[in-house]
Amino acid sequence: MGFDPVLEAKKIEKEIISWRRDFHMYPELKYKEERTSKIVEEHLREWGYRIKRVGTGIIADIGEGEKTIALRADMDALPIQEENDVPYKSRVPGKMHACGHDAHTAMLLGAGKIIPEHIDEFNGRVRLVFQPAEEGGNGALKMIEGGALEGVDAIFGFHVWMNLPSGVIGIRDGPFLAGAGIFSGKLIGKGGHGASPHETKDPVPALAELILAYQTIVSRNINPLETGVVSVTSVHAGTAFNVIPETAEFKGTFRFFKPEIGELIKKRMDEIAKGTAIAHNLEYELKIDELTPPTINDSKMAGFARKVAEKYGLKYCEVPPTMGAEDFSFYLQMVPGAFLALGIRNEEKGIIYPHHHPKFDVDEDVLYLGTAMEVALALEFLK
Ligand SMILES: [Zn+2]
Ligand SMILES: [Zn+2]
């Protein structure tokens, strides 16, 4: 017998697109994916899956056997006002699927429909993981706590990718997305009259020095052959022309691929804040939170994905790494797998705006290829 995942996915292409448009019209923010997960669950039940709820997340199993492959999609949207003028524009003010998670959910739902129709050809168990809160909520951790990886031998996930031409699958060995953390701190002095600085301890010039000194972490402390980012993205001090404030506050994010680089950045941020405070006779506070580890694909699994793409005639290429972050990294810390990209950039259709932009959109005509690849990965892995 044997069936062709690409043909099967093409057959339900319209359905995949209509799911994506429905999710797009009714976006839900992290951990609020009630409507989305309800729709997903209803379909999966109808198709015969064994369902476990983890809050607004869903773990759905089908098939039996020694091996288990997990396929993951994220479902959350962003607090962004959509600026696209399309029939499926977000109906919810201030909320938008600007990262493509609507497409991820629809693609995996497509795979979820095809797999049970051919379940005899899958020599094992397929687990679909629909997770909440990828956007800064670490929903992946909640799913892992809820048992998403129990008995799982490999995991794959897709992200639609604006920096790849439409329809091309991006596959990368090793580090793909960065580890990410955030920091917030303040320099604390003594306020007073703007005309009498000598009677104050002014945190403002000290903060200016701190910001510049933070830029030397990447340029002077990290080995030039390694990568890292330190961005101070928010600064606040004072409210009046003639008042020296007591405190000056700052916030930002840092990125890295290697844990030791992350540690170095954290150590230097603290030393610089401390040293700046001492130099200016100030106190300081600094809070650093490491949010997401780097997303590191297993080379064997990436190689397997390339073989699968080749076998089914799906176009693929190597995708460059980015300093963006993904909580798929948590799954990859525990089981081998690979995070794949699906190119959705289409200049002719004006689909060029980056992820998280109010005009972000996806080339819907290639979504079935994501579905096809997901089905093919499961089919081949369970052979
Ligand atoms: Zn995003
Ligand atoms: Zn995303």
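Residues numbered from 1 in each chain as written. Chains lettered and ligands numbered in written order. Predicted model: local features only at pLDDT ≥ 70, side-chain atom pairs only at ≥ 80, totals over all residues. Heavy atoms only, no water.

### Some remarks on the overall build of the protein
Note the threshold: Numbering of helices and strands runs from the N terminus; a helix is a DSSP stretch of H or I covering at least four residues, while a strand is a stretch of E covering at least two. Residue burial is assigned from relative accessible area. The probe radius is 1.4 Å, only protein chains are included, and a residue is buried under 20% of its type maximum, exposed over 50%, and partly exposed in between. In this description, contact between two residues means that some pair of their heavy atoms is separated by no more than 4.5 Å. Here, Shrake-Rupley sampling with a 1.4 Å probe gives the accessible areas, and only protein chains in the shown set may cover a residue. Charged residues are defined here as Lys and Arg on the positive side and Asp and Glu on the negative side; His and the ends of the chain fall outside this count. Where a charge lies is defined by one atom per residue type: Lys uses NZ, Arg uses CZ, Asp uses CG and Glu uses CD.
Helices and strands together make up the secondary structure of the protein, namely ten helices and 16 strands. By its C-alpha atoms, the protein is 85 × 40 × 40 Å across when sized along the principal axes. Sorting the 383 residues of the protein into buried and exposed places 55% on the buried side. Sequence separation of 24 or more characterises 80% of the internal contacts of the protein that already satisfy a separation of 6 or more. Total accessible area on the protein stands at roughly 16800 Å², and carbon and sulfur atoms take up 53% of it. Taking the average place of the 44 positive charges on the side chains of the protein and the average place of its 56 negative ones, the gap between the two points comes to 1 Å.

### A look at the coordination of the zinc ion (ligand 1)
Our working rule: Metal sites are built from N, O and S donor atoms within 2.8 Å, or 3.2 Å for Na, K and Ca, and they leave out water, so they may look incomplete.
Protein coordination at the zinc ion (ligand 1) comes from Cys99 (SG), Glu135 (OE) and His356 (NE2), with a distance range of 2.0 to 2.3 Å. Written as a sequence motif, the donor arrangement for the zinc ion (ligand 1) is C-x35-E-x220-H. The metal-metal distance between the zinc ion (ligand 1) and the zinc ion (ligand 2) comes to 3.2 Å, with Cys99 coordinating both. With Cys99 in the loop between β3 (68–74) and α4 (101–117) and Glu135 in the loop between β4 (125–131) and α5 (139–145), this residue pair connects regions lying 36 residues apart in the sequence. Of the two residues, Cys99 and Glu135, neither departs from the other in class, the shared state being buried.

### Quick look at unusual backbone geometry
Although it is not a glycine, Tyr31 adopts a positive phi angle of roughly 65 degrees. In this fold, Tyr31 is placed in the loop between α2 (13–25) and α3 (34–46). Assessed through its relative accessible area of 32%, Tyr31 is described here as partly exposed. Residue Ala133 is not a glycine yet carries a positive backbone phi of 50 degrees. Here Ala133 shows up in the loop between β4 and α5.

### A few points about the packing of aromatic side chains
Put simply, the rule is: Between rings of Phe, Tyr and Trp, where Trp is taken as its six-membered ring, a pair exists when centres lie within 6.5 Å; planes separated by under 30 degrees are stacked, by over 60 edge-to-face, and by other angles tilted. Two conditions define a charge sitting above a ring: the NZ of Lys or the CZ of Arg must be within 6 Å of the ring centre, and it must be within 35 degrees of the ring normal.
Scanning the model with the defined rule gives twelve aromatic pairs in all. Considering the side-chain rings of Phe254 and Phe256, the 6.1 Å spacing of their centres and the 20 degrees angle between planes classify their relative orientation as stacked. Neither Phe254 nor Phe256 differs from the other in exposure class; each is buried. Taking NZ or CZ as reference, Lys10 lies 4.6 Å from the ring centre of Tyr368, over its face. The aromatic ring of Phe381 is capped on one face by Lys67, whose charged end is 4.7 Å from the ring centroid.

### As for the coordination of the zinc ion (ligand 2)
Binding of the zinc ion (ligand 2) to the protein goes through Cys99 (SG), His101 (NE2) and His159 (NE2), at separations of 2.1 to 2.4 Å. Written as a sequence motif, the donor residues of the zinc ion (ligand 2) are C-x1-H-x57-H.

### Things to note about the side chain of Thr68
In this structure, Thr68 sits in strand β3. Using a relative accessible area of 1% as the deciding quantity, one classes Thr68 as buried. Apart from the residues within four sequence positions on either side, Thr68 is in contact with Arg125, Arg127, Gly151, Val152, Asp153, Ala154, Phe381 and Leu382.

### Let's talk about the environment of Gly48
In this structure, Gly48 sits in the loop between α3 and β1 (50–54). Under the relative-accessibility criterion, Gly48 is labelled partly exposed at 46%. With 181 residues separating them along the chain, Gly48 and Val229 place their C-alpha atoms 46 Å apart.

### A look at the sheet that holds strand β15 (residues 316–317)
Selection rule: Pairing between strands is defined by DSSP: at least two bridges between them are needed. Here, axes are lines fitted to C-alpha atoms. For helices the fit covers the stretch in contact, and angles between N-to-C directions go from 0 to 180 degrees.
Overall, mixed pairing links the eight strands, which are arranged β1-β2-β4-β3-β5-β16-β6-β15 in an open sheet. Looking at the sheet topology across the chains shown, the edges are occupied by β1 and β15. Both strand β6 (residues 169–170) and strand β16 (residues 337–345) contribute to a ladder of two bridges, which runs antiparallel. Paired with Ile169 across the strands is Leu342, a residue of β16. Lying on the sheet, α3 is in contact with β1, β2 (57–62) and β4; it crosses β1 at an angle near 165 degrees.

### Here's the deal with the sheet that holds strand β12 (residues 247–256)
Reading across from one edge, β10-β12-β8-β13 is the order of the four strands in this open sheet, with antiparallel pairing throughout. The open sheet has two edge strands with one neighbour each: β10 (228–237) and β13 (283–292). Neighbour-to-neighbour, the strand axes of the sheet open up by a mean angle of 15 degrees, direction not taken into account. Across nine bridges, the pairing between strand β8 (residues 179–188) and β13 is antiparallel. If you follow Phe183 over to β13, its bridge partner there is Ile288. Along the sheet face, helix α6 (residues 203–221) touches β8, β10, β12 and β13 and points at about 170 degrees away from the line of β10. Relative to the sheet, helix α7 (residues 259–279) contacts β8, β10, β12 and β13, its axis offset from that of β13 by approximately 165 degrees.

### Some details on the nonpolar core
Keep this limit in mind: What we call a nonpolar core is a set of buried Ala, Val, Leu, Ile, Met, Phe, Trp, Tyr and Cys residues that are connected through their side-chain atoms within 4.5 Å.
Grouped together as the largest cluster of nonpolar side chains are 72 residues, with contacts concentrated most on Leu44, Val126, Phe130, Phe156 and Met373. It is helix α10 (residues 367–381) that contributes the most residues to this core, eleven residues altogether. With residues up to four places along the chain from it excluded, the contact list for Met373 reads Phe158, Ile169, Ala305, Val308, Ala309, Leu314 and Leu340. Residues Ile59, Ala140, Met143 and Leu177 belong to the second largest nonpolar core, which totals 23 residues.

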